[in-house]
Amino acid sequence: MIPGLKRELESAVSEACRRVFGVEAPRIVLETPPKVELGDLACPVAFELAKVLKRPPRKIAEELALTLTLPALVVKRSVEGGGYLNFFLDRPRTLRAMLVAGNAAPAVPAGAGKLIVEHTNINPNKAAHIGHLRNAVLGDVLVSTFKRLGRPVEIQNYLDDTGVQVADVIVALQNAADLVESSRAKRLGEEIREILDAFPGHAPGVAPRRLGDLAWDLYALAVRSYAADPSLEEKRRATLHAIEGAATGDDLDEEAAATAALAGRLADAVVRCHLLTMERVGVNYDLLPRESDILARRFWVKAFELLKKAGAARLETEGKNLGCWVMPLEGAPEFEGMEDADKILVRSNGTVTYTGKDVAYQLWKLGVLGIDFEYEEVPYRDVDGSPEFHASDGVSPLYRTRHDEVGADVSARGRFGNGSHVINVIDVRQSYPQKVVREAVRRAGFPEAADRSVHFAYEMVALTPASAEALGVELTDEDRARPFVEMSGRRGLGVKADDLLDRLVEKANDQIRARASEPPEAGRAEAIAVGALRVYMTRFSRNKVIAFDLDEALAFEGDTGPYLQYAAVRAANIFRKLEEIGLKGHLDAAEIDGLGALPASALDDGLWDVVRTCSRTLDTLEKVAESLEVSLLVRHALAVAAGFHHLYHTHPIAQEKDETTRRARRAALQVVSVHLADVLGVLGVPVPGRM
RNA sequence: GGGCCCGUAGCUCAGUUGGAUAGAGCAGCGGUUUCCUAAACCGCGUGUCGCAGGUUCGAUUCCUGUCGGGCCCA
């Protein structure tokens, strides 16, 4: 609503409560009535008061309505339903106020620190699938919501470049002959090596994403092979040892060093694939922190010191965890009911668990670890040598962490981390480890830091048994009876992000061809595809499992991205057409200023309904920031678009003869355009020039 | 065994934090284009809000239990 109006109304209502009934008003809620005819704002305060005053809510509302001192913008009050106190705004002046306000960011509370949002975090050993897309798009929309609200945000995409999954592909590359389907494994391996040999340049004639696809298949082969040949497990251990040793600067023999180098190149090259995929859908980052650098910079050593000093880590001298450093969790209420709540931080062989590294990283993000990374610009280059990726502002270089100052960009020191708040976008299956990390931060002596971090948990993207089988995966009868099956990189079971995007682009092109004679401008089909995808990924509540359905994902009608885009395109077309036929299009400042003089009758209910919907944009953004429920924004966008499409058919402008009516409609249209563009911008739904 | 999530129309989902006649999209049927692009619009809906209790003037919403499905920890 209009900035300030809400507060004015709230204080007017509570003042009346005190004056009329001598009671302190309960919290004043203002909602939007279900229909325009019922007004612009509704206050259910009388229902609350009915409890205290022991009188019928409707009577209370009527008394309040009579004596209320109203803000200037409110022209009428009424009592509706069982006791709603409703307010009607001065339409011309409200419209003017909304156009004057535009989409200015609200005032940010002074001293609001930097928010760090961590998302994407795909293991760099295979192509991204649609589950990763949900993570990235949710994270990205959260980021833009906060940015839209004026908060400084830093986006981090954490790379587990020293993990088991990378090691698995390396084992497969180096032992292709020992894998199941060894001839296929060899072919995959050879092609992967060719691509890696060209990296950090580009293998000529090879599509950039080819590596992700090959690694996807090889990884699945590797996983299957462990079961068939247990000796491979030993090779995996050796590989991991080599990778970690290289990161921590151990003396390695030639073979181990070569293995680690290969792993590094694989991870680097696959990360590039992921960045390209994410760039396709408009997702970007500011920093890529690497696990190898957490090891190299001895983050864990520091975190471990803090934990030991605070008495939060204990060396087990007996039992099954003999020789391990654990964090005992029995006492914590959150971990009640667990038989063995102790979390291993350091294994008896001296290696740090994933949790341990995560704790160190989390402490760093929260600014309490006490040491920092070095940084460098990400080295990925286009064929012409220009940087392939930028930071989220679109111009700054994208950075990644570095283990030492040799070759590091010293000007970047201290620029990253140290967030006043941290949001980790990780699916709900990681709730337990996330809880452990948070608890570790608390116990390391930083309870207030722990309170500044939240786990943004969302449900997974799964496949319907039918769609899994359509991908050629063999399912058990048990799987077939399930409502959905989990995607699994290990099983090679999943829909790759780029494949889905290709299908969307293909379909968009078909649709474009079906309705236009001239060939579309470059990027039009891609824009539509991205719009469809982003809306599909965000329109469900985050705690809902998405059972992926290809037809649903490919839908362009109804509650979809193209529906939103079409509204924006049509709105732009109207202004263009108006100017073409010599009429005024957009309102200039003077015309906006004069809107207050418009007769109220020019803004009928049909027209006003849409404006009323638009008035909730800022509230919705704030609600998204508070609840971290991104789908609220999508639904708001759909409501604005639906309102617009309705208006389109009922309130023509170019054909309208009366200038005043036209002006009223143009003004309403302009409000809708501004809000639609605003919301689509935050959602990352691009608007093509035409549809 | 413990914890978390889901259950609303044939299907996929909303439901403004306990209130107005429980709403959208899809699918189906019918209609709208000499008009700012029909990716749109208009019309057509009797749903045990999983089930049973409880709190309340009022419960899809809160509490307890229970059934079914999913995830995580052990």
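How each quantity is defined
Residues numbered from 1 in each chain as written. Chains lettered and ligands numbered in written order. Predicted model: local features only at pLDDT ≥ 70, side-chain atom pairs only at ≥ 80, totals over all residues. Heavy atoms only, no water. Pairing = 2+ DSSP bridges. Helix = DSSP H or I, 4+ residues; strand = E, 2+ residues; numbered from the N terminus. Axes fitted to C-alpha atoms, helices over the stretch in contact; angles between N-to-C directions. Contact = heavy atoms within 4.5 Å. Buried < 20%, exposed > 50% of the residue type's maximum accessible area, 1.4 Å probe, protein only. Arc of directions from axis to C-beta. Polar contact = N/O pair within 3.5 Å; in protein donor to acceptor, adjacent residues only side chain to side chain. Salt bridge = Lys/Arg side-chain N within 4 Å of Asp/Glu carboxyl O. Expected span 1.5 Å × (residues − 1). Core = buried A, V, L, I, M, F, W, Y, C linked by side-chain atoms within 4.5 Å. Right-handed = clockwise from strand over helix to strand, strands pointing away. Parallel < 35°, antiparallel > 145°, perpendicular 65-115°, else oblique. Left-handed = near helix turned anticlockwise from the far one by under 90°. Nonpolar A, V, L, I, M, F, W, Y, C, P; charged D, E, K, R; others polar. Phe/Tyr/Trp six-rings, centres within 6.5 Å; stacked < 30°, edge-to-face > 60°.

Judged by pairing direction, the sheet is antiparallel, and its 3 strands sit side by side in the order β1-β3-β2 without closing on themselves. This sheet does not close on itself; its edge strands, each paired only once, are β1 (41-43) and β2 (74-80). Strand-to-strand twist of the sheet, defined as the mean angle between neighbouring strand axes without regard to direction, takes the value 25°. Two strands pair when backbone bridges link them, and β2 and strand β3 (residues 84-89) are joined in this way by 6 bridges, in the antiparallel orientation. Considered in β3, the bridge of Val74 is made with Leu89. The strands touched by helix α3 (residues 57-67) within the sheet are β2 and β3, with β2 carrying the most contacts at an inclination of about 165°.

Once that is clear, we can look at α3. Along α3, the residues classified as buried are Ile60, Ala61, Leu64 and Ala65. Projected down its long axis, α3 shows its buried positions confined to an angular sector of 135°, all on one face. Where α3 is buried, its residues meet α1 (5-21), α2 (45-53), β2 and β3.

Let's shift gears to the side chain of Ser631. Note on placement: Ser631 falls in helix α25 (residues 631-650). The exposure class of Ser631 is buried, given its relative accessible area of 0%. Within the structure, Ser631 has its side chain in polar contact with the side chain of Glu629 (distance 2.9 Å). Aside from chain neighbours lying at most four places away, what touches Ser631 is Thr538, Arg539, Phe540 and Ser541.

Bringing the pattern of salt bridges into the picture now. Tallied over the entire structure, the rule returns 53 salt bridges. Among the ionic pairs, Glu63 bridges to Arg55, the shortest N-O distance being 2.5 Å. Judged by relative accessible area, which is 29%, Glu63 ranks as partly exposed. Connected through salt bridges with shared partners, the residues Asp268, Arg290, Asp293, Glu376, Arg400, Arg402 and Asp404 form a single ionic network.

Glancing now at the sheet that holds strand β8 (residues 325-327). Each strand in a sheet pairs with another by means of backbone hydrogen bonds, the pair being arranged parallel or else antiparallel. The strand order across the open sheet formed by 3 strands is β7-β8-β9, and the pairing between neighbours is antiparallel. Bordering the open sheet on either side are β7 (314-315) and β9 (343-346), each of which pairs with just one other strand. Note: β7 against β8, 2 bridges, orientation antiparallel. Each bridged residue has a counterpart across the sheet, and for Arg314 the counterpart in β8 is Val326. The sheet contacts of helix α12 (residues 299-309) involve β8 and β9, and relative to β9 the element is tilted by about 130°.

Turning our eyes to something else, we now look at helix α21 (residues 561-580). In a regular helix each residue adds 1.5 Å, so 20 residues correspond to 28 Å; α21 covers 28 Å between its end C-alpha atoms and thus fits that length. Of all the positions in α21, only Gly561, Pro562, Leu564, Gln565, Ala567, Ala568, Val569, Arg570, Ala571, Ile574, Phe575 and Leu578 are classed as buried. On its buried side, α21 packs onto α19 (524-538), α25 and α26 (659-683).

Below, the discussion takes up unusual backbone geometry. Cis peptide bonds are those with omega within 30 degrees of zero, and the linkage from Phe199 to Pro200 qualifies with 10°. Notably, Asn121 is not glycine yet its phi reads approximately 45°, a positive angle. Looking at the secondary structure, you find Asn121 in the loop between β4 (115-118) and α5 (130-148). We classify Asn121 as partly exposed; its relative accessible area is 24%. With a phi angle near 55°, Asn418 is a residue other than glycine that sits in the positive phi range. In this structure, Asn418 sits in the loop between β11 (399-402) and β12 (421-427). Judged by relative accessible area, which is 55%, Asn418 ranks as exposed.

Turning next to the nonpolar core. Grouped together as the largest cluster of nonpolar side chains are 173 residues, with contacts concentrated most on Phe87, Ile130 and Leu218. In terms of residue count, α26 provides more of this core than any other element does, 11 residues in total. Residue contacts for Leu218: discarding those within four places in its chain leaves Val169, Ala172, Leu173, Leu179, Ala185, Leu188 and Ile192. Formed by 40 residues, the second largest nonpolar core is a distinct cluster that contains Phe299, Ala313, Met327 and Val437.

Here strand β5 (residues 153-156) shows two buried faces, one formed by Val153 and Ile155 and the other by Glu154 and Gln156. The pairing of β4 with β5 spans 4 bridges and is parallel. Bridge pairing in β5 links Ile116 to Glu154. With α5 bridging β4 and the parallel β5, this β-α-β connection has right-handed handedness.

With that out of the way, let us pick up the packing of helix α23 (residues 605-614) against α25. Contact geometry of α23 with α25 gives a least axis separation of 9 Å together with a crossing angle of 160°. Taken together, the axes of α23 and α25 are roughly antiparallel relative to one another. The handedness of the crossing between α23 and α25 is left-handed. Across from Gly606, Leu607, Val610, Thr613 and Cys614 in α23, the residues of α25 making contact are His636, Ala639, Val640, Gly643, Phe644 and Leu647. Of the residues contributing to the contact of α23 with α25, the split by class is 7 nonpolar, 4 polar and no charged.

Now for the packing of aromatic side chains. Considering all chains together, one arrives at 17 aromatic pairs under this definition. For the pair Trp364 and Phe373, a centre-to-centre distance of 4.8 Å together with 80° between the ring planes defines the contact as edge-to-face. Given a relative accessible area of 4%, Trp364 falls into the buried group. Judged by relative accessible area, Phe373 falls into the buried class, the value being 2%. Both rings, one in Tyr380 and one in Phe389, keep their centres 5.9 Å apart while their planes meet at 85°; by these two values the pair is edge-to-face.

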